[in-house]
Amino acid sequence: MASMGPASRCALWTPMVLWRRWAGHNRWSKVRNVKGPRDTARSRLFQRLALMLRSAAREGGPDPTLNSQLANVVEQCRAKNMPKASIEAAIQGALRPTATSRLLYEARGPGGVALLLDVLTDNPRRSHQDLRLILTRYGGTMADGARHGFEQIGVVRVAPRDAVGRAVGLEGALEVALEAGAQDVCPEEEEEEEEEPALKFLCEPSSLSAVRDHVVASGLLLLSATIEFLPQSRVALPDGTRLQAHRLLQELQGCPDVLHVFHNIQLDTEMGSHQ
């Protein structure tokens, strides 16, 4: 059998080398396309949580054992796997003389839908400009009067597992809700696909403290207890406008200064809801 020269061996091996090279490239492309946006979203989430930590610590002190609001935010950070060092750094940052403001902006989106933007910022002017640009890009605008289409409601969020690590079933949560005086219980809608959803206990704003205390006493792990805005009715949008509204909600949620986006848009389950 004749021996192969260098050129022949190169001709045989080069396709294999190239295949392996491009196979690695394809794997990297998948990692980049999936992991990159996910890391960006997590980074924005940590920025938002850090701002919440600083605000709570500045209002009630840096000790979570003496500041229930700060303790609630710390629990949220842990539930989202925020590093301990980042939590401590944010709390210590509250001791610096930097003022923060909690603001509620009213806006209109595509199709005239109503939006309420719950914002925590150390620079209100910058936040207002950033939000106005985002709204304009997707056919929205800042507008007074949007708040009239919403009612306030108490929301107590708990972890999907109790203090001893057992999964919290919806039936068991409903029993706790009845005993606590809550109106309803539902899963959190904004969790990532691979995460277990938190549970939301809905109640009258005046009952928020009582429901929170009963939920904690029942052995559930508290994540937060806040007053939020529930739309009195939902608005159905045509396909093109609905997609534009969905993109607007995603962009607003990606803004580090935005804590919550409340809206009255009827979205398909595939698109999800940001309320």
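Quick caveat, the model's predicted, so the values are computed rather than measured. (Residues numbered from 1 in each chain as written. Predicted model: local features only at pLDDT ≥ 70, side-chain atom pairs only at ≥ 80, totals over all residues. Heavy atoms only, no water.)

Tell me about the overall build of the protein chain, and please be specific about residues and values.
Helix and strand counts for the protein chain come out as seven helices and 10 strands. When the 275 residues of the protein chain are sorted by exposure, 38% land in the buried category. When contacts within the protein chain are restricted to residue pairs at least 6 apart in sequence, those whose partners lie at least 24 apart make up 68%. (Helix = DSSP H or I, 4+ residues; strand = E, 2+ residues; numbered from the N terminus. Buried < 20%, exposed > 50% of the residue type's maximum accessible area, 1.4 Å probe, protein only. Contact = heavy atoms within 4.5 Å.)

With reference to specific residues and values, describe the packing of aromatic side chains.
One pass over the full model with this rule turns up one aromatic pair. Taking the centre distance of 5.6 Å and the plane angle of 65° together, the rings of Phe 229 and Phe 262 count as edge-to-face. Here Phe 229 is found in strand β7 (residues 222–231), whereas its partner Phe 262 is found in strand β9 (residues 258–263), with 33 residues between them in sequence. Looking at Phe 262, the relative accessible area reads 2%, which means it is buried. (Phe/Tyr/Trp six-rings, centres within 6.5 Å; stacked < 30°, edge-to-face > 60°.)

Outline the sheet that holds strand β6 (residues 199–203), supporting the account with residue identities and numerical values.
Overall, antiparallel pairing links the four strands, which are arranged β5-β6-β4-β7 in an open sheet. With partners counted over all chains shown, the strands left at the sheet margins are β5 (184–187) and β7, one partner each. Strand-to-strand twist across the sheet, computed as the mean angle between neighbouring axes with direction ignored, equals 30°. Pairing analysis gives five bridges linking strand β4 (residues 150–158) to β6, with the strands arranged antiparallel. (Pairing = 2+ DSSP bridges. Axes fitted to C-alpha atoms, helices over the stretch in contact; angles between N-to-C directions.)

If you had to explain the pairing of β7 to someone new, which residues and values would you point to?
Among the 10 residues that make up β7, seven are buried, leaving the element largely enclosed by the rest of the structure. The sheet contact formed by β4 and β7 spans nine bridges and is antiparallel. Along β7, the bridge assignment pairs Gly 154 with Ile 227.

Help me get a handle on the pairing of β6, residues and values and all.
Counting buried positions along β6 gives five out of five residues, so the element sits mostly inside the fold. Residue alternation in β6 divides its side chains into two sets, Leu 199, Phe 201 and Cys 203 and Lys 200 and Leu 202, and both sets are buried. Where β5 and β6 come together, four bridges link them in antiparallel fashion. Looking across to β6, one finds that Cys 186 is bridged to Lys 200.

Report on the environment of Ala 94, specifying residues and quantitative values.
Tracing the sequence through the fold places Ala 94 in the loop between α3 (84–93) and β1 (101–108). Using a relative accessible area of 8% as the deciding quantity, one classes Ala 94 as buried. Taking the C-alpha atoms as reference, Ala 94 lies 7.8 Å from Leu 53; in sequence the two are 41 residues apart.

So what's going on with the pattern of salt bridges? Residues and values would help.
In the structure shown here, the tally under the stated rule is 10 salt bridges. For the salt bridge of Asp 122 with Arg 126, the shortest nitrogen-to-oxygen distance reads 3.5 Å. Overall, the relative accessible area of 37% leaves Asp 122 in the partly exposed class. Across the pair Arg 157 and Glu 188 runs a salt bridge, and its minimum N-O distance is 2.4 Å. Here Glu 188 lies in the loop between β5 and β6 and Arg 157 lies in strand β4, a separation of 31 residues in the sequence. Classification of Glu 188 by relative accessible area gives buried; the value is 9%. Counted as one network, the salt bridges with shared partners bring together Asp 122, Arg 126 and Asp 257. (Salt bridge = Lys/Arg side-chain N within 4 Å of Asp/Glu carboxyl O.)

Would you mind going over the side chain of Glu 228 in detail, with residue names and values included?
The topology assignment puts Glu 228 in strand β7. A distance of 2.6 Å separates the side chain of Glu 228 from the side chain of Arg 157, its partner in a polar contact. Here the side chain of Glu 228 touches Thr 226 through a polar contact of 3.1 Å, side chain to side chain. Beyond its immediate stretch of four places on either side in the chain, Glu 228 contacts Glu 151, Gln 152, Ile 153, Val 155, Arg 157, His 260 and Phe 262. (Polar contact = N/O pair within 3.5 Å; in protein donor to acceptor, adjacent residues only side chain to side chain.)

So what's going on with the confidence of the model for the protein chain? Which residues, and what values?
Of the residues in the protein chain, 79% reach a pLDDT of 70 or more, and the chain-wide mean stands at 81. Note that residues 7–13 has pLDDT below 50 and, in this model, three contacts with residues that lie over four places away or in other chains. In the model, residues 269–274 has pLDDT below 50 throughout and makes 15 contacts with residues more than four positions away in sequence or in other chains. (pLDDT = per-residue confidence, 0-100.)

Provide a residue-level description of helix α4 (residues 124–137), including the pertinent values.
Helix length check: α4, at 14 residues, gives a terminal C-alpha distance of 20 Å against a target of 20 Å (1.5 Å per residue), a fit within 8%. What α4 keeps buried is the set Ser 127, Leu 131, Ile 134 and Leu 135. In a view along the axis of α4, the buried residues occupy a sector of 100°, so they form one face of it. Exposed side chains of α4 directed beyond 90 degrees from the buried face belong to Arg 125, Leu 133, Thr 136 and Arg 137. Where α4 is buried, its residues contact β1, β2 (114–121), β3 (141–142), α7 (239–253) and β9. (Expected span 1.5 Å × (residues − 1). Arc of directions from axis to C-beta.)

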